[in-house]
Structures are given as structure tokens and as C-alpha cells.
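Each chain, letter by letter, is given below.
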Amino acid sequence: MSLLEGLNPKQKEAVLCTEGPLLILAGAGSGKTRVLTHRIAYLIKEIGVEPWRILAITFTNKAANEMRERVDKLVGEGSEDIWVSTFHSTCARILRQDIERLGYSRYFTIYDAEDQKTLIRECIKELNYNEKNYPVGSTLGEISNQKNELISPLEYEKINRGDFRKEKYSNIYKLYQKKLESNNALDFDDLIFKTVELFTYNPDLLEYYQNKFQYILVDEYQDTNTAQYKLVNLLASAHGNICVVGDDDQSIYGWRGANIRNILDFEKDFKNAKVIKLEQNYRSTKVILEAANHVIKNNYGRKAKRLWTENEQGNLIELNETFDEHAEAEFVAREIIKQIEDEGREYKDFAILYRTNAQSRVLEEHFVKHNIAYRLFGGIRFYERKEIKDLLAYLRIIQNPCDDLSLKRIINVPRRGIGAVTINKVEEFAAANNMNFYDVIRDNETVSVFGRAATKLKDFADLIGALQIQASIGSVTELIEELLKRTGYLEELENENTEESKDRIENIKELISKAADYDNKEGEEASLEGFLEDVSLVAEVDNYNEGDNAVVLMTLHSAKGLEFPFVFITGLEEGIFPSYMSIVSEREDSIEEERRLCYVGITRAREKLYLSYAKSRTLRGQTQYNRASRFIKELPKELINLGKANKSSDPLAGIRQRNRILNNYTPYESALKNKIPAPKNITLDYKEGDLVKHFKFGVGTVEKISHAGADYEVTVNFPKFGQKKLMAGFANLKVVD
DNA sequence: CAGAGACTCGAGGAG
DNA sequence: CGAGTCTCTG
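Residues numbered from 1 in each chain as written. Chains lettered and ligands numbered in written order. Predicted model: local features only at pLDDT ≥ 70, side-chain atom pairs only at ≥ 80, totals over all residues. Heavy atoms only, no water.

**Quick notes on the overall build of chain A**
And then number 1: Helix and strand counts for chain A stand at 31 helices and 24 strands.
And then number 2: Along the longest, intermediate and shortest principal axes, the C-alpha atoms of chain A span 80 × 75 × 55 Å.
And then number 3: Residue burial in chain A is summarised as follows: out of 737 residues, 56% are buried.
And then number 4: Across chain A, the fraction of contacts at a sequence separation of at least 24, relative to all contacts at a separation of at least 6, is 74%.
And then number 5: Total accessible area computed for chain A in this model is approximately 33100 Å², and 47% of it derives from carbon and sulfur atoms. (Helix = DSSP H or I, 4+ residues; strand = E, 2+ residues; numbered from the N terminus. Buried < 20%, exposed > 50% of the residue type's maximum accessible area, 1.4 Å probe, protein only. Contact = heavy atoms within 4.5 Å. Areas by Shrake-Rupley, 256 points an atom, 1.4 Å probe, with all protein chains shown as cover.)

**Digging into the pattern of salt bridges**
Note on pairing: side chains with opposite charge can pair once their charged atoms come close.
And then number 1: Tallying each qualifying case throughout the model produces 60 salt bridges.
And then number 2: In this structure, the salt-bridge partner of Glu-510 is Lys-514, at a minimum N-O distance of 3.7 Å. Within this pair, Glu-510 and its partner Lys-514 are both found in helix H25 (residues 499-522), separated by four residues, close to a single helical turn.
And then number 3: Salt-bridge contacts for Glu-573 lead to Arg-617; the nearest nitrogen and oxygen are separated by 2.8 Å. Of this pair, Glu-573 sits in the loop between strand E15 (564-569) and helix H27 (580-584) while Arg-617 sits in strand E16 (residues 605-619); the two residues are 44 residues apart in sequence, bridging distant segments of the chain. With respect to burial, Glu-573 and Arg-617 carry one shared label: buried.
And then number 4: Shared partners join several salt bridges into a network, and the residues in it are Asp-112, Glu-114, Asp-115, Lys-386, Lys-389, Asp-390, Arg-396 and Arg-409. (Salt bridge = Lys/Arg side-chain N within 4 Å of Asp/Glu carboxyl O.)

**What about the nonpolar core?**
One recurring pattern in soluble globular proteins is that nonpolar side chains are buried together.
And then number 1: Phe-87, Ile-120, Ile-172, Leu-191 and Phe-199 are the most contacted members of the largest nonpolar core, which has 65 residues in total.
And then number 2: Looking at this core element by element, the count peaks at seven residues for helix H11 (residues 226-236).
And then number 3: Look past the residues within four positions of Phe-199 in its chain and what remains in contact with it is Ile-94, Leu-205, Leu-206, Tyr-209, Leu-231, Leu-234 and Leu-235.
And then number 4: Ile-388, Val-426, Leu-463 and Ile-464 belong to the second-largest nonpolar core, a separate cluster that totals 47 residues. (Core = buried A, V, L, I, M, F, W, Y, C linked by side-chain atoms within 4.5 Å.)

**Examining the confidence of the model for chain A**
And then number 1: Overall, the predicted model of chain A reaches an average pLDDT of 88, with 91% of residues at or above 70.
And then number 2: Within the model, pLDDT remains below 50 along residues 650-681, and this stretch shows 61 contacts once partners closer than five positions in the same chain are excluded. (pLDDT = per-residue confidence, 0-100.)

**As for a negative patch on the surface**
And then number 1: Together, Glu-69, Asp-72, Glu-77, Glu-80 and Asp-81 line one region of the surface with negative charge.
And then number 2: If you trace the backbone, Glu-69 turns up in helix H3 (residues 61-75). (Patch = residues over 30% accessible without salt bridge, like charges linked within 9 Å, V, L, I, M, F, W, Y side chains within 5 Å. Lys, Arg positive; Asp, Glu negative; His and termini not counted. Charge placed at Lys NZ, Arg CZ, Asp CG, Glu CD.)

**With respect to unusual backbone geometry**
And then number 1: Residue Pro-414 follows Val-413 across a cis peptide bond; omega there is -5°.
And then number 2: Note that Pro-414 resides in the loop between helix H18 (404-410) and helix H19 (420-432).
And then number 3: For the bond from Phe-577 to Pro-578, the omega torsion is 10°, close enough to zero to count as cis.
And then number 4: If you trace the backbone, Pro-578 turns up in the loop between E15 and H27.
And then number 5: Of note, the phi angle at Leu-150 is positive, near 60°, even though the residue is not glycine.
And then number 6: When you line up the elements, Leu-150 lands in the loop between helix H6 (136-148) and helix H7 (153-159).
And then number 7: A residue is classified by how much of its surface remains accessible, and Leu-150, at 18% relative accessible area, is buried.

**Describing the packing of aromatic side chains**
And then number 1: This model, assessed by the stated rule, comprises 23 aromatic pairs.
And then number 2: Between Tyr-129 and Tyr-134, the aromatic rings sit 5.6 Å apart at their centres with planes inclined by 40°, giving tilted as the arrangement.
And then number 3: Owing to a relative accessible area of 18%, Tyr-129 belongs among the buried residues under this scheme.
And then number 4: Judged by centre distance (5.8 Å) and plane angle (85°), the ring pair of Tyr-134 and Tyr-169 falls under edge-to-face. Here Tyr-169 lies in helix H8 (residues 164-182) and Tyr-134 lies in the loop between helix H5 (113-126) and H6, a separation of 35 residues in the sequence.
And then number 5: Among the aromatic residues, those joined into a ring-pair cluster are Trp-83, Phe-199, Tyr-208, Tyr-209 and Phe-213. (Phe/Tyr/Trp six-rings, centres within 6.5 Å; stacked < 30°, edge-to-face > 60°.)

What follows is the structure in C-alpha cells.
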């Protein structure tokens, strides 16, 4: 039987166990995609399951596409009927069908993070709250957390009555949701939430999908949040044929609501669940795997497992301490060049991983200097660029005229002499008459209220009207070309004739070519809403192409699921990785999540792993001196080879480095003590006994102030978090009077 | 209404 | 240090 050929016994077992609940604990590099695809093929070819009865859910489009491709090869005809897609696109597809039952139209817009922030800013203003007290970012986080937990605005209000701050959040949440509805828009979290809601209020629909999907597979189960968990449970509860694949050690999305309990408690949730562990790794050398195992064993509450491999021993892990982040980047660049020149390697064999996107800049600089071909992921996504968002806003308003947010974005882009004053007047009028912006300006009678501005507004409404007609008769590509012509958007950029405007024009061309790809791919099925949906739901890494011969630069988070012969993990410093936020976090699990992230990073490497940290690092114009990351100290020294990175600025560095790394295994008394701010004149405006406020811990009493180098160590007692030792230069304590 | 220049303030990861 | 916001002037 060819479908089982080349699988190890555990993998075979996972393919053959088709009925009932199954948890596959798949360690890094243990061939889980292979198991999943063969399992799907086995269901169809051997068990005789109809392809359209299978639902396979992943987190990224890249994973979905890869699975789709491999299944197509194994199954052949009929495989296109299998639903292989991400959580978000699965939900979007279901909602396009039946969301009218929830009072939205099927032409709804999907808002991204930037749109969400704009909308929340509007809400805060409208409620007359101070953005300083309710920062957009944390407000959005609070709302997103509620949605991930399936808590509606009304429930949130009920739960938090009497909590001053949360009552404010509650009002924002309510208004925000109201605005989304009136704009006929959903945010990312709504895609899942609304689908669950749809099923909850419409048992007939739920039953339909329960019957349809007799076999459900979920990838990366450790990253599911409560809403996603609920969705899967609703669909699977009737027949119980649910197969989830995951690795609790790779759970790195707790901050966006992922609940690690979903995988840890699977056996409790589904009675008679079978568990299969895939522990043989086919990816990495023994050294790399050993290092990964050593780091992760410092976490508590894991499912017992230990990865092993038959691969060769391999190179030692190379550890480098550098003077600063420039020396680190320079070292990485030179090492890549050396490997290419001496060992015949290619650019695409290398990946540079870091904790935060801000770290990529210096690396880029040095790569440019050395002419190294690289591909940067993260930072500003293609679809987040200003000119692209502008054009998408046009497309959105054409598709969904209720979308006030998009309309306001482009009503004066390019400039049509419609300013803030006019926009405010129209908005007030619209609110008073319970209308959408576009309704007001497209109607001759209502628009005439606005006197001199009326003509301009009406012209704009007519423009949108004309483009709507174009949308109904032509392809998406033609629509974009027509809109560029009619609005004069491209012309304006051409007249500017700067480096920047040339860049923007290039991006617009790129968008047109993406639209053309979409039109070709979908053929008769192509539609504006389909294109906008695709665009909203692509992730940056989805565009990663193994064939491109370029060094890859990305965050550790983005690297999950990928592998490279050579991996550099940079910025291994206390306060960077693990991050400052995780060190001071009140969440018990947050350092453990950083450690899992480290584990993910290490296990991306096939042949050789480089770790590096800089003694000093300049961030936001301030230089900090951080100690080497605790994760480095968790590695066995016999696996480590000290590198010869540039330490020209300090001739004794070699000796110090050796002493420091090999002998300094003492655990940290307090993580915060590791941070020694740059020498600067610090004056404290508080003294012992004063009340001070910390951004995270709130108000507390200063108990002790002592010198610590150029800084002060301040001991503060916080009612909620207990006693904390903080560095004054870093903690930004404010006096409360 | 639009554009230039001053000013403030921020600590992370992403579909 | 740099993005994003605010203020002032033509």
C-alpha cells in the first residue's frame, strides 16, 4: 500500500486511526504535515470518504497551500473539494453564505489592525475619554481578548460592573461593535466569533455543517484560542471524528489568546481520545536537538516527550558575544559570506531570527553594505502601505458602501477640496438621520444641505457610483485600472517624481499584478469581495518562497513551521530575548512562553546554529547594557563553541568572555538587576515613603532607594503585585500626589 | 484648506 | 531615534 510507504510505525498508526478523537503530539521536525496529508489521502482512497466531507484547518495560508499541494498529489481528482484553509478563511467562507442571519450583508469588509485602531480612536473621542488614560493599543488588546473568549459587549458590561476602568472599556467596546455593525465590517476576531454566534443561534446551519464535515483535522492545535476551540468543538461534537495535531512546547501565541489548555486537556474534552506521540525528528543534527531539549526542559507543565534523531552529530553551536548590535550584524554578514565562499553555500540556506522587528534594521544595513541578497519579513506588510491601503479603501467602498471608515480615508485622496470641516458636518448629519456617509452624499436632496461643498461631495459620490458599475461588468484588474484613471491617483504620484513616489508607483503596479493573478486563478469565480478577502487574510510569511535565493530575516514568531540549514538567533540578551515585557509580566507563564519561542528558534536549524548577543545595544536612541540571555546558560557547555566575532574595541574581551560565559552559571536573583542603563545623570523626584506609579504595576510605596552604578535601585511595594526591585532609569516611575 | 515645521512620546509578537 | 500628532501660517 503506497500511502503507508516510508512512514515510521507511529506515523502509520496516526494515519490508520481514522475514527474517533485523536491527538497527535508532533515534536518539531517529526513529519506531521506528511502524516496529515497521508491521513487525508487514506480517508479518501482507502476508507472511501467523499472529499467534500473533510475539513482541514491551519493557521497560515502558507501551511494551507502546502498541505493542499501535497494532498492534490496524493489524491488527484476530487481533491479540490476538500476544505483546506485557515481558521479565518474557513469562517469568512461560511459567513459569506449566511451572515445575513446576523444582520450583516454578505458584502462585509474585513478590518485589519490599523482600521481597528482608527475606529477605536473615533470611539474614544466620541465618548470624551482621554487617549492618555485609555491608549488605543491596550484598549484594542482588551477588546480582542474578550472576543477571543467569546465575551460580547453586553456580557463584558455585566461582568465588570463596579470596576471604574473596565466600565470605560465596556463603553468603548459597545460603541466599537456598534460602529463595526453600521459599517458592515468585521475585524479578525469577529470572523471566528460571528461564526460561532451564527451556529449557536441557528441550529439548522450547525447541523448542516456537522453533517457535511464528517472528518475534521486541526493543525497547530496548541495555538487555538477559546473561540477557535469552541468552533471546532461545535463542528466535531456530532460525530467525534476529530484529529488535532500540535506540540505544547511550541505554543507561542498566548498573548493573542491561545489557550495551551486546549491541547493539554484534549483527553478530558474528548472521552476515549487516543494519543500518538511523534518523537523522531528528521530535521536537525543531534547537537541541535540536544540543545533544544535542554532549554525546554526548564519549563513546567509540559506533556512528557523527548525528541530524538538518527541524524549525525553535527557541528557545535557557535556562540558569539559582540561589542554592540553593529558588530553582531557585521559578524552575521561576514559569516554568511565566508560560508558561501568557502563551503559553496547559497544565500537561501540562511535565516536570521530575532525577537522584535526593530532589530532587523541594523542587520539590513550590514547586508546592504556587503551586497548580500536578503528578504525581510514583518515590519510593514505590503497591504499596509499607504498607497495600497488607499486603493483598497476605494475597492472596499465600491463593494460595501456602508464602510464609512474607508470612505473617510479616501474622500479627499487625491485632494478634492473636501476638508475636515465638511466631513464633520456630513458625519453629524448622517448620525442624526441614522444614515451612512455614502447615503447622505449620493442623494441629491440630502447632499444639498451642505451648500458650497455639495457639488464636490456629489461628484465624489458619482465617481464611486460609476466605479460600482465598472465593478459589475469587468474584472478586478480592470476595475483598479479604471479607478486609477478616474481618480488621478497615479497621475499625482507621477507628477511628484520623487524617489518615494516612484516606489509607490512600483507598489501600485505590484497590486495590479496581484489582482491579475487573482483574476486568472479564479476565472469565472473571480469577484471583488473574493479579492478583498484574499488580500485581508494573507500573512507576510505566506509570501515566503523556498526557491528565492536570499537570506531570510524574520522574527522568531514568523519562523514557526519553517526550516533552514543555517540559523542565527540574534539579540540573546536579558530584556530583549526574553523580552523586558515578559520579565516584568505578572503572568506566571510569560517567561515560559519566551522559552518555548527559543525552542522554536533552535529547532528551525538543520545543520548549524549560531547564537549571539551584544554587550550594548542602542534602542530608541538610548544605549542599554544587557546581560546574556538566561537561555544561553541553559545550554550544556559541551555543545557550545565560542566564536571569534569582532571584539576589536576591547582587546581583553576574549578572556572576559570566556570567564563570563563558562563560569557564570549563577541564577539571577532578580531579572531586573540585569538591566544596567547607560550612564546618565539620573535625579529622582521621589524619596523613600513616597507614592509612585508604574506603568504595569500601578501605584505603590517606595520602600528603599540604593545606588546601583549610575542608576538607582528602587524597592517599591505594590498592593497588587507585592514588593518589586526596579531600576529607576528604566522603570519610569512617576510621583503620585 | 493644505503644507511645513515643531513637538511629544513610546518599551512585543500577528491573522 | 523616529513615527505620529499638533500648530501655525500662507
